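Residue strings, one per chain:
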Amino acid sequence: MSLDENKPIEEGEEDFAKLFEATTETHVSAGSRDITVGRVVSKHEDYYLMDIGLKLEGRLKAGEVPQGLSLEPGALLPVVRSGAPQEGFGPLLSLKYAVRSLQVQRLRRYQQENQRLDAQIFRRRGDGFFVGLDVEPDASAGLPAGIPAKLWKLVPYPAEMPLAELDTDDPRPIHRWLGRRVQVKILDMRGDGLVLVSRKKVAIEMKEVLRRETLTSAKEGDTLTAKIREITPEGLRMDVSGVEAHLPQTEASWYPKADLRRRFRVGETLEVKVMKKDEQAERFLVSRRAVEPHPADALEAKFRRGSVIEGTVSKVLPNGGCFVRIDGIKREAFVPAGETVKDTPPKEGTKIKATIIRVDRENIRVILSPKKFEDKMMPDMVRQYSKESQPFSLGQILNPSEEAEEGDTPEGGSVESP
């Protein structure tokens, strides 16, 4: 049986329950047997002849050799005696019993030393999973270097992992875990060889290591990635690699009184800047707006001071000021009460022209003045009016035939000769 980390194990490929039964039988049977290293002498249709240092060679059934392991004469394998000698042959040998016995010894070391193991999730089992553990023999077993290293990958040790020990907060559907390689730790190991493992335990330990590293390395002014855990009227409760972080409402956006629940969502990740590091409480005070460009910068670039702009009055305030909708800008512009034209107060729905006074960076609004627009335009209007209403000169009146030219007569009037 091979572990292919890129290919999920199909339901029908192997009866894992039988493999567990075989593992238990193997462990019980092999517990009192001595492991020896045999050398392949020759290969036959149903068995291998193995030299184990006796007068007669032992036999290893071909079905004991895992698929994918090619054995040539001279190959070394760990084996135990599993049957009595027969006429013309030495004892019956078992590779499976020897491998399982060596793996159990190593697993007990893993458990005692609280070490991680590589594993692959095979399939669902009730409220959990069957997994295969990658277990190579301990160096203290004294096996020779000639044993194929591939052997241990082809014979994973079967174990169980309860569903609750998969992970704490991973959003992937359960079936997406089938065939995946993970790291686990041993929760329990019974005398019959049954092993219970946990991926959750490894995940928690890794998160704690990352949290400690973040607390140690992060400095005020650093930009970090944070995940939103909770949204409150006071701000956002966030997680920065396991470290608790608070983002106040005033630091969540450049826009004053922004609706946090409409702008953000739980589980979203954001880039934030560390404003304060509380080492005693092990938490950060962070800012979102500190890593974003000020939106007023874009307004100042687009709406230059002194420019004239046209908009529609959307709301008139009791004091006479008003808000104005302008094409190409989401946030309405504002006309202070003192900047309106007294003779023509604003009315909702009417279009007005105004001069841009400035951009209010605090409220992120363009401030307009219809009054300044009118004051600016008044001299031009007076000049135009004066030009259109120019009276006749004395020469035109006394000598109309000489002074008057076509088009100089008043509208609807005529010039006659005396």
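All of these numbers come straight from a predicted model, not from anything done at the bench.

Once that is clear, we can look at helix H2 (residues 95-113). When the terminal C-alpha atoms of H2 are compared, their 27 Å separation across 19 residues agrees well with the 27 Å that a helix rising 1.5 Å per residue should span. Looking only at H2, the buried set comprises Leu95, Tyr97, Ala98, Val99, Arg100, Ser101, Leu102, Gln103, Val104, Arg106, Leu107 and Tyr110. N-capping of H2 is provided by serine 94, with a side-chain oxygen placed 3.4 Å from the backbone N of lysine 96. Trailing H2 by a residue or two, asparagine 114 shows a phi angle of about 55°, which is positive.

Time to look at the pattern of salt bridges. Using the criterion set out here, one finds 21 salt bridges in the structure. Aspartate 297 is the partner of arginine 361 in a salt bridge, and the nearest nitrogen-oxygen pair spans 2.9 Å. With arginine 361 in the loop between strand E19 (351-360) and strand E20 (365-369) and aspartate 297 in helix H6 (residues 295-302), the pair connects residues that are 64 residues apart, well separated along the chain. With a relative accessible area of 32%, arginine 361 lands in the partly exposed category. Measuring nitrogen to oxygen at the nearest pair gives 3.4 Å for the salt bridge that ties lysine 372 to glutamate 339. In this pair, lysine 372 sits in helix H7 (residues 370-388) while glutamate 339 sits in the loop between strand E18 (333-335) and E19, placing the two residues 33 residues apart along the sequence. Accessibility expressed as a relative area gives 42% for lysine 372, which makes it partly exposed. Because the salt bridges share partners, they merge into one network encompassing Glu208, Arg211, Arg212 and Glu282.

In this sheet, E19 lies alongside strand E16 (residues 308-316) in antiparallel orientation, the contact comprising five bridges. When the bridges of E19 are listed, glycine 311 appears paired with isoleucine 352.

Strand order around the closed barrel formed by five strands is E1-E2-E3-E5-E4, with mixed pairing between neighbours. Within this sheet the neighbouring strands show an average axis-to-axis angle of 55°, counted without direction. Examined bridge by bridge, strand E1 (residues 36-43) and strand E4 (residues 76-83) share four bridges and lie antiparallel to one another. Paired with glycine 38 across the two strands is leucine 77, which belongs to E4. This element, H2, spans strand E3 (58-61), E4 and strand E5 (92-94) of the sheet and lies at about 110° to E4.

Moving on: the packing of aromatic side chains. Scanning all chains against the criterion turns up two aromatic pairs. When the ring of tyrosine 47 is compared with that of phenylalanine 89, the centres are 6.0 Å apart and the planes differ by 80°; the resulting orientation is edge-to-face. Here the residue tyrosine 47 occupies a position in strand E2 (residues 47-51), and phenylalanine 89 occupies one in the loop between E4 and E5, the gap between them amounting to 42 residues. Between the aromatic rings of phenylalanine 323 and phenylalanine 334, the centroid separation amounts to 5.1 Å while the plane-to-plane angle is 50°, which identifies the pairing as tilted. Of this pair, phenylalanine 323 sits in strand E17 (residues 322-325) while phenylalanine 334 sits in strand E18, and the two are eleven residues apart along the sequence. Lying across the ring of tyrosine 47, arginine 59 places its NZ or CZ 5.9 Å from the centre.

On average, residues of the chain score 84 in pLDDT, and 81% of them reach the 70 mark or higher. In this model, residues 23-32 is a region of pLDDT below 50 whose contacts with residues beyond four sequence positions or in other chains number 15 contacts. Counted against residues more than four places away or in other chains, residues 402-418, with its pLDDT under 50, gives 13 contacts.

All right, on to the side chain of arginine 59 then. With respect to the element layout, arginine 59 can be found in strand E3. One buried charged side chain, arginine 59, makes no salt bridge at all; its nearest oppositely charged neighbour is aspartate 46, positioned 8.4 Å away. Side chain to side chain, arginine 59 and glutamine 86 meet in a polar contact 2.8 Å long. Other than its neighbours up to four places away in sequence, arginine 59 contacts Tyr47, Tyr48, Leu49, Gln86, Phe89, Pro91, Leu92 and Leu93.

Quick look at the pairing of strand E6 (residues 117-125) now. Relative to strand E9 (residues 181-189), E6 runs antiparallel, the two being bridged by four bridges. What sits directly across from alanine 119, in E9, is valine 182. Pairing analysis gives six bridges linking E6 to strand E7 (residues 128-133), with the strands arranged antiparallel. From the neighbouring strand, isoleucine 121 faces E7, where its bridge partner is valine 131. The turn linking E6 back onto E7 is made up of two residues, and glycine 126 within it adopts a positive phi angle of 55°.

Arginine 59 sits in the buried class, given a relative accessible area of 17%. As for arginine 59 and glutamine 86, which are separated by 27 residues in sequence, their C-alpha atoms are 9.8 Å apart.

What counts and what doesn't
The residue numbers shown here count from 1 along each chain, following its written sequence. In keeping with the predicted nature of the model, local features appear solely for residues at pLDDT of at least 70, side-chain atom pairs appear and are counted solely at 80 or more, and the whole-chain, interface and lining totals rest on all residues. Side-chain measures here rest on the full set of heavy atoms in the structure, leaving out hydrogens and waters. Only DSSP runs of H or I with at least four residues qualify as helices, and only runs of E with at least two residues qualify as strands; both kinds are numbered from the N terminus onward. One less than the number of residues in a helix, times 1.5 Å, gives the span that helix is expected to have. When a residue's accessible area, from a 1.4 Å probe over protein chains only, is under 20% of the maximum for its type it is buried; when over 50% it is exposed; and in between it is partly exposed. A 3.5 Å cut-off defines polar contacts: any pair of N or O atoms within that distance qualifies, except that in protein one atom must be a possible hydrogen donor and the other a possible acceptor, and neighbouring residues in sequence count only when both atoms are side-chain atoms. Salt bridges are counted wherever a side-chain nitrogen of Lys or Arg sits within 4 Å of a carboxyl oxygen of Asp or Glu. For two strands to be treated as a pair, DSSP must find no fewer than two bridges joining them. Note on geometry: axes are lines fitted to C-alpha atoms, helical ones only across the stretch in contact, with angles between N-to-C directions running from 0 to 180 degrees. Note on contacts: a residue pair is in contact if any heavy atoms of the two residues lie within 4.5 Å. Any two rings among Phe, Tyr and Trp, with Trp reduced to its six-membered ring, count as a pair given centres within 6.5 Å; such a pair is stacked if its planes are under 30 degrees apart, edge-to-face if over 60, and tilted if neither. A ring is considered to have a charge above it if a Lys NZ or an Arg CZ atom is located within 6 Å of its centre and within 35 degrees of its normal. The predictor rates its confidence in each residue with pLDDT, a number between 0 and 100. All tallies of charge rest on Lys and Arg as positive and Asp and Glu as negative; His and the ends of each chain are not included.

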